Amino acid sequence: MSPRLIALWFKETIALTRDKHGLLALFIMPTIFILVMTMALRDAFTPGVTIDVSYSVVDLDQTPISKALVKRLNRAAAFKKIDGNNDLATARNELLQGKQGLVLVLPKEFGSRLLTPGGTDGKPAEPMTLLVDPALSPTLQLAFRNQVMAALGAVRADELTVKAGKLFGLPVAPGATLEKDWPDEIRSEAVRGDTNAKIPSSVQQNVPAWLIFAMFFVVIPVSSIFIIERQQGTLQRLRAMGVPFHLILAGKLLPFFIVNQVQAALMVLVGMYLVPLFGSEALELPSSLPLLLNWWAVSSAVSLAAVSWALLIASLAKTSEQATIVGGVGNILMGAVGGIMVPKFIMPASMQKIAALSPMAWGLEGFHTVMLRHGSFADILPSLAQLLVFAAASLLAAIWLNHRALAAQS
Amino acid sequence: MLQIKNISYRYRDTPSPALSGVSLDVPAGGIYGLLGPNGAGKTTLISALAGLLTVTNGQITLHGQTLTEIRRENPRAIALVPQDYAFYPMLTVAENLRFFGGVLGLSRAELKTQTDSAIAFARLEQVVGKRAEQLSGGLRRRLNLAIGLLGKPQLLLLDEPTVGVDPQSRHFLLDSIAALPAAGTTVIYTSHYMEEIEAICQKIAIVDQGQVLAEGTLTDILRSPVPLLDIGLEQPLPEAIAQRYSATLIGEQKYRLNLPLTVTLQNLLDELDSEGCRVRNLNFGQHDLEQVFMRLTNRSLRD
């Protein structure tokens, strides 16, 4: 290994560790973004799972059938269930105080009359009652009512199956209960192109997204050091010492590549251990080694693209203020367009086409291919190729700009 | 040692050349002063010697070898100390020295020896652990110089190395630089501070508008081409004497007289004595560098 290159790496590393603003942008900013955005967007990624309206059930029947209904409702409902003390007066009071929005009252004999329509045995059917907060939107009331009806239908069907199963030759185990899982739940799938992929969860979207965003922020420290070198005549001194420009660039690539990998490790750890502390699900990395290597390949390609882009911006900018503005705004635009800030799957089709132009989108696509679809190396190859071509083009442009600047000088 | 023969250089998109037919002869083991107003071409010349730009015609040789050959043989033969503080402000003094030593390709042992000797040379012992950005102007200049010495160069190019320092640091820098030839380093020193050039340079060149206006030893340059006498008196110069010697007033009771022959100096002094005019000081036959410089560069403002 060339001792000159080692000296350059060493210098860059020390300079970076003393650049407080740069470190803040590289490590603290994405951590905060991941936490805040994962919390803020938690519900946007699992549509309909929870609505911020709570309900309780007052079960006056207390039979297995009424309990089955409560359980089904709880499993399917998008509303938040509050476990009350099963007392009508208390529930009514809490409704008045606005502590909950809906109270479902299951009448006595609810279970025994489940399969007996009103009037068939001479008794009227006592209906279920839904107590509602009058301020609650009628749409939500209707939605809850529909969910109760659906749950009721399912419980009735279950009961019928148990009671009439033998008659129709259905497989009914002895002592079967009403609490079995039936294949009647609906899971959402986003249809994209010719492959069906799960929608990323909030943490699956946010960790790679803000990691990519943070990686591209190496533009701040890269350009701040590079511009000092140019303005203070250090680059000229290095040239007079016979250090070729490509060696100077190589001296910057590796330290910042390592910085990017440290960022990747840190953001994954944030996703796995810090995010759950704030009540969201933990990030899960693929467990097999080939998939992990694919993940790392994407991370490396994003890093090469980010550092090369930073070197290009540093070569273009005359002052560090210019670099901060051009680099910072450029990154924000790439992030906004590329599905970092607003996930691509909720963009309209036309915007999704524009998103495909952002290098950040290529990186995110690569990460999602590995994390959500468990894609092979061949699957991530298009993303890798795009990023590497972008990196090479940026690097060549940076070298060309510096040669041009020297030619103008001479 | 260093021969510069008829070199020219023109920056792109500029009407006049920065260097035009410049020829210089820099002897080994001395300090060669390059004097000129702003924009004279000093930095261009230094850059050409440092290999930062390639001259369009002419030839530069060091010990008979071209610069390319010299660099190939010993990349550390020529070192440049730029006008700017060309080091890393966020690195400490020691880290800067280690970095530049490393970039020069010094071995571990060489790096230690050279760093230590550069620190001792520039008296940086007290600040080795301090970040360069926290140093005073004088200490920064010393660090800038110390970095230039890491590769033990045969030829050291100093581009205005004392700009912006206090008088104490300037004296220290000048004394240190004056001691370099004894250690085997030839120095080319550019400045527009006349007294610095006069103090440490054995040979000088005055350049302006890309051309060499005068080159020679300091004594040669300062020798007056016409026998002028600068004289300070305690009374005003009598009119008759003033007319005979075409005197011009150059200060308060200070005059410059034109003496056609050196022998007339005794006559003049006798005449003044007989008129009761006492002489306070006189300077005959030698100018100071500033006078020569201003005469050659025509006193016009350059910026």
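Residues numbered from 1 in each chain as written. Chains lettered and ligands numbered in written order. Predicted model: local features only at pLDDT ≥ 70, side-chain atom pairs only at ≥ 80, totals over all residues. Heavy atoms only, no water.

### A word on the domain arrangement of chain B
For chain B, the assigned domains read domain 1 (2-222) and domain 2 (228-285). Summarising the inter-unit geometry, the C-alpha centres of domain 1 of chain B and domain 2 of chain B are found 43 Å apart. (Domains from an automatic or database assignment.)

### Thoughts on the packing of aromatic side chains
A full pass over the atoms with the stated rule returns 14 aromatic pairs over all chains. Seen in terms of ring centroids, Tyr-88 of chain B and Phe-99 of chain B are 5.3 Å apart; in terms of plane orientation they differ by 85°. Their pairing is edge-to-face. On the criterion of sequence distance, the pair formed by Tyr-88 of chain B in the loop between β6 (78-81) and α3 (93-103) and Phe-99 of chain B in helix α3 is long-range, its members being eleven residues apart. Aromatic pair Phe-99 of chain B and Phe-100 of chain B: ring centres 4.9 Å apart, planes at 65°, arrangement edge-to-face. The buried category is assigned to Phe-99 of chain B, whose relative accessible area is 4%. Joined through ring pairs, the aromatic side chains of Phe-33, Trp-210, Phe-213 and Phe-217 of chain A make up one cluster. Residue placement shows Arg-140 of chain B over the ring face of Tyr-85 of chain B; its charged tip is 5.6 Å from the ring centre. Directly above the ring of Tyr-193 of chain B sits Arg-170 of chain B, whose terminal nitrogen or CZ lies 4.4 Å from the centroid. (Phe/Tyr/Trp six-rings, centres within 6.5 Å; stacked < 30°, edge-to-face > 60°. Helix = DSSP H or I, 4+ residues; strand = E, 2+ residues; numbered from the N terminus. Buried < 20%, exposed > 50% of the residue type's maximum accessible area, 1.4 Å probe, protein only. Lys NZ or Arg CZ within 6 Å of the ring centre and 35° of its normal.)

### Let's talk about the interface of chain B and chain A
Each partner contributes residues to the interface: chain B has 31 residues there, and chain A has 26 residues. Broken down residue by residue, the surface that chain B buries against chain A is led by Leu-52, Tyr-88 and Val-103 of chain B, which jointly contribute 25%. Summed over the shared surface of chain B and chain A, the result is one salt bridge. Inspection of the region where chain B meets chain A yields seven residue pairs in polar contact (both at pLDDT 80 or more). (Contact = heavy atoms within 4.5 Å. Buried area = accessible area lost by both parts, 1.4 Å probe. Salt bridge = Lys/Arg side-chain N within 4 Å of Asp/Glu carboxyl O. Polar contact = N/O pair within 3.5 Å; in protein donor to acceptor, adjacent residues only side chain to side chain.)

### Details of the nonpolar core
Core analysis: the largest hydrophobic core is formed by 100 residues, its most contacted members being Phe-216 and Leu-238 of chain A together with Leu-97, Phe-100, Leu-124 and Leu-143 of chain B. With 15 residues, the single largest contributor to this core is helix α10 (residues 289-316) of chain A. Excluding residues that lie within four positions of it along the chain, Leu-124 of chain B makes contacts with Val-93, Ile-119, Leu-139, Arg-142, Leu-143 and Ala-146 of chain B. The next biggest cluster of nonpolar side chains, apart from the first, holds 31 residues, and it includes Ala-240 of chain A together with Met-1, Leu-45 and Leu-52 of chain B. (Core = buried A, V, L, I, M, F, W, Y, C linked by side-chain atoms within 4.5 Å.)

### Some details on the packing of helix α1 (residues 3-17) of chain A against helix α9 (residues 245-274) of chain A
Residue and element names in this part refer to chain A. Two elements in contact, α1 and α9, have axes separated by 8 Å at closest approach and are oriented at 50°. With respect to their mutual orientation, α1 and α9 come out oblique. The element α1 and its partner α9 pack so that their crossing is right-handed. Contacts between α1 and α9 pair Arg-4, Leu-5, Leu-8, Trp-9, Lys-11, Glu-12, Thr-13 and Leu-16 from the former with Leu-247, Ile-248, Ala-250, Gly-251, Lys-252, Leu-254, Pro-255, Phe-256 and Val-259 from the latter. Of the residues that constitute the contact of α1 with α9, the class distribution is eleven nonpolar, two polar and four charged. (Axes fitted to C-alpha atoms, helices over the stretch in contact; angles between N-to-C directions. Parallel < 35°, antiparallel > 145°, perpendicular 65-115°, else oblique. Left-handed = near helix turned anticlockwise from the far one by under 90°. Nonpolar A, V, L, I, M, F, W, Y, C, P; charged D, E, K, R; others polar.)

### A short note on helix α6 (residues 202-216) of chain A
Spanning 15 residues, α6 of chain A covers 21 Å between terminal C-alpha atoms, matching the ideal 21 Å at 1.5 Å per step. Along α6 of chain A, 15 of the 15 residues are buried, which leaves the element largely enclosed by surrounding structure. (Expected span 1.5 Å × (residues − 1).)

### So, the confidence of the model for chain B
For chain B, the average pLDDT comes to 86, and 95% of its residues sit at 70 or higher. Here helix α11 (residues 289-297) of chain B is the element of chain B with the lowest mean pLDDT, 73, and α3 of chain B is the one with the highest, 94. (pLDDT = per-residue confidence, 0-100.)

### A few points about the side chain of Thr-186 of chain B
Residue position: Thr-186 of chain B is located in strand β8 (residues 186-191). When its relative accessible area of 2% is taken as the criterion, Thr-186 of chain B is described as buried.

### With respect to the sheet that holds strand β4 (residues 57-62) of chain B
Residues and elements named next belong to chain B. Reading across from one edge, β2-β1-β4-β5 is the order of the four strands in this open sheet, with antiparallel pairing throughout. Of all the strands in the sheet, the pair left with one neighbour each is β2 (19-26) and β5 (65-66). With five bridges connecting them, strand β1 (residues 2-9) and β2 associate as antiparallel partners. Residue Gln-3 lies in a different strand from β2, and its bridge partner there is Asp-25. (Pairing = 2+ DSSP bridges.)

### A word on unusual backbone geometry
In the Ramachandran plot, His-374 of chain A falls in the positive-phi region, its phi being about 50° despite a non-glycine side chain. Although it is not a glycine, Ser-246 of chain B adopts a positive phi angle of roughly 45°. Take Ser-246 of chain B: it is sitting in the loop between α9 (239-244) and β12 (248-251). A relative accessible area of 49% means that Ser-246 of chain B is categorised as partly exposed.

### Notes on the confidence of the model for chain A
Residue and element names in this part refer to chain A. Looking at chain A as a whole, its pLDDT mean stands at 83, while 87% of the residues score no less than 70. Within chain A, the lowest mean pLDDT, 47, falls on strand β5 (residues 190-192), and the highest, 92, falls on α10. Taken together, the stretch residues 191-196 has pLDDT below 50 and engages in six contacts with residues farther than four places along the chain or on a different chain.

### Observations regarding the pattern of salt bridges
Summed over the entire model, instances satisfying the criterion amount to 16 salt bridges over all chains. Across the pair Lys-203 of chain B and Glu-215 of chain B runs a salt bridge whose closest N-O atoms are separated by 3.8 Å. Taken together, the residues Lys-203 of chain B in strand β9 (residues 203-208) and Glu-215 of chain B in strand β10 (residues 211-217) connect sequence positions twelve residues apart. One connected set of salt bridges, linked through shared partners, spans Lys-11, Glu-12, Glu-229 and Lys-252 of chain A.

### Focus on the side chain of Gln-100 of chain A
All names here are of chain A. Position of Gln-100 relative to the elements: it lies in the loop between α4 (88-96) and β3 (102-106). Within the structure, Gln-100 has its side chain in polar contact with the side chain of Ser-56 (distance 2.6 Å). In terms of polar contacts, Gln-100 uses its side chain to reach the side chain of Glu-94, at 2.6 Å. Leave out the neighbours within four places in its chain, and Gln-100 touches Ser-54, Tyr-55, Ser-56, Ile-82, Ala-91, Glu-94, Leu-95 and Asp-133.

### Things to note about a nonpolar patch on the surface
A grouping of Leu-24, Ile-28, Ile-32 and Val-36 of chain A is seen on the molecular surface, where their side chains present a nonpolar patch of about 360 Å² in accessible area. Tracing the backbone through its elements, the reader meets Leu-24 of chain A in helix α2 (residues 20-40). (Patch = residues over 30% accessible without salt bridge, like charges linked within 9 Å, V, L, I, M, F, W, Y side chains within 5 Å. Areas by Shrake-Rupley, 256 points an atom, 1.4 Å probe, with all protein chains shown as cover.)

### So, the pairing of strand β3 (residues 31-35) of chain B
All names here are of chain B. Burial runs high along β3: five of the five residues are buried. The two faces of β3 match: Ile-31, Gly-33 and Leu-35 on one face and Tyr-32 and Leu-34 on the other face are all buried. Looking at chain direction, β3 and β8 are connected through five bridges and run parallel. Each bridged residue has a counterpart across the sheet, and for Leu-34 the counterpart in β8 is Thr-190.

### Structural notes on the sheet that holds strand β14 (residues 279-284) of chain B
All names here are of chain B. Ordered by their spatial adjacency, four strands build an open sheet running β12-β13-β11-β14, and the pairing between neighbours is antiparallel. Looking at strand neighbours, the two that pair on one side only are β12 and β14, the edges of this open sheet. Averaged over all pairs of adjacent strands, the angle between strand axes in this sheet comes to 25°, irrespective of strand direction. Where β12 lies against strand β13 (residues 254-258), three bridges are found, and the strand directions are antiparallel. Bridge pairing in β13 links Gly-251 to Lys-254.

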